[in-house]
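# Coordinates in review
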Amino acid sequence: MAEKILIASGKGGVGKTSLTVGLGKALAAMGNRVLLIDCDCLRSIDLLVGVTEKIVYDWGDVIGGADSEDALYDAGDVWVLTCPEDYGDITGKDMKKLLDKYDADFNYILIDAPAGVDRGLTLSAAAADRAIVISTPDLVCVRSACIAARRLGTLGIEDVRLIINRVARRDVIRGRLLNIDSVIDGVEVQLIGVVPEDGKIRFGAMGMNIYRENQISFDSLNNIAARITGEYVPLDL
């Protein structure tokens, strides 16, 4: 049975989708079968993992009656289900039934929710067991992440954790960014990991692998993935 983890953020631009892909790859490197489900109608995951040219069906087609295997795309280390361009009349029950189709074949299903707290988040949360909220260490993102975390609570997800992304320690020391404790206090969610500023992650939007040993974020992604599996890894703050 797969553990279904929603990855959310209050606002866009915090690196949510890149971290979803990076964590999926890190979990896969540990020997897990991982499915990434894009629940954002703007669709980005297929671009980041290089399967865009293969795409024929999306998960909306599966809900509409297409074979569930036909919409699965192999990205080498992870599998991908891409999002329809419109949710139409899809409901939370439809999402639960959709994920049930893949439950037995994967260890982890990571659900990349759209930014914000509207219908997309509600649909994305319908089948999730727990959630991770992404925030960068600035006032705007912290407030929006707090609102998103509270919204997830109203949707019935009790286990919500926080990843602080794009942490530049020099800017924190100089007071240009919030420190770790201030972000945790502001979001009001237990921390599961900190990812340092890594300029190479931005190149994922151009097809570059965002999970590589020579990247600054590599160890952080591995540590967070280990914590997701239940392994004790001390937080490096």
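Each remark here, short or long, concerns the structure printed above.
Rules used throughout
Residues numbered from 1 in each chain as written. Predicted model: local features only at pLDDT ≥ 70, side-chain atom pairs only at ≥ 80, totals over all residues. Heavy atoms only, no water. Pairing = 2+ DSSP bridges. Helix = DSSP H or I, 4+ residues; strand = E, 2+ residues; numbered from the N terminus. Contact = heavy atoms within 4.5 Å. Axes fitted to C-alpha atoms, helices over the stretch in contact; angles between N-to-C directions. Patch = residues over 30% accessible without salt bridge, like charges linked within 9 Å, V, L, I, M, F, W, Y side chains within 5 Å. Areas by Shrake-Rupley, 256 points an atom, 1.4 Å probe, with all protein chains shown as cover. Salt bridge = Lys/Arg side-chain N within 4 Å of Asp/Glu carboxyl O. Lys, Arg positive; Asp, Glu negative; His and termini not counted. Charge placed at Lys NZ, Arg CZ, Asp CG, Glu CD. Buried < 20%, exposed > 50% of the residue type's maximum accessible area, 1.4 Å probe, protein only. Core = buried A, V, L, I, M, F, W, Y, C linked by side-chain atoms within 4.5 Å. Parallel < 35°, antiparallel > 145°, perpendicular 65-115°, else oblique. Left-handed = near helix turned anticlockwise from the far one by under 90°. Nonpolar A, V, L, I, M, F, W, Y, C, P; charged D, E, K, R; others polar.

### Some details on the sheet that holds strand β2 (residues 34-38)
- Pairing is mixed in the open sheet, where eight strands are placed in the order β3-β4-β2-β5-β1-β6-β7-β8. On the outer flanks of this sheet lie β3 (73-74) and β8 (190-196), each paired with one strand and no other.
- The pairing of strand β7 (residues 160-167) with β8 spans five bridges and is classified as parallel. When the sheet's bridge partners are listed, I163 is paired in β8 with G193.
- The sheet contacts of helix α8 (residues 180-187) involve β6 (130-135), β7 and β8, and relative to β7 the element is tilted by about 140 degrees.
- Contacting β1 (3-9), β5 (108-112), β6, β7 and β8, helix α9 (residues 218-228) crosses the sheet at an angle of about 160 degrees to β8.

### Details of a negative patch on the surface
- On the surface, D67, E69, D70 and D105 cluster together to form a negatively charged patch.
- Exposure remark for D67: the relative accessible area of 43% places this residue in the partly exposed category.

### Quick notes on the nonpolar core
- Counting residues in each nonpolar core, the largest one holds 44 residues, and the members touching the most others are L6, W59, Y102, I109 and L152.
- When neighbours within four sequence positions are excluded, W59 is seen to be in contact with I37, D38, C39, L81, T82, C83, P84, Y87, I90, M95 and L98.
- Grouped together as the second largest cluster of nonpolar side chains are 35 residues, L48, V49, L110 and I192 included.

### Topic: the packing of helix α1 (residues 16-29) against α9
- Contact geometry for α1 and α9: axes closest at 9 Å, N-to-C directions at 70 degrees. As summarised for this structure, α1 and α9 are arranged roughly perpendicular, according to the angle between their axes. Crossing angle aside, the handedness with which α1 passes α9 is right-handed. Of the residues in α9, those touching α1 at L19, G22, L23, A26 and L27 are L221, N222, I224, A225 and I228.
- Along the lines of polarity and charge, the residues of the contact of α1 with α9 split into eight nonpolar, two polar and no charged.

Nothing here speaks to function; it is all geometry.
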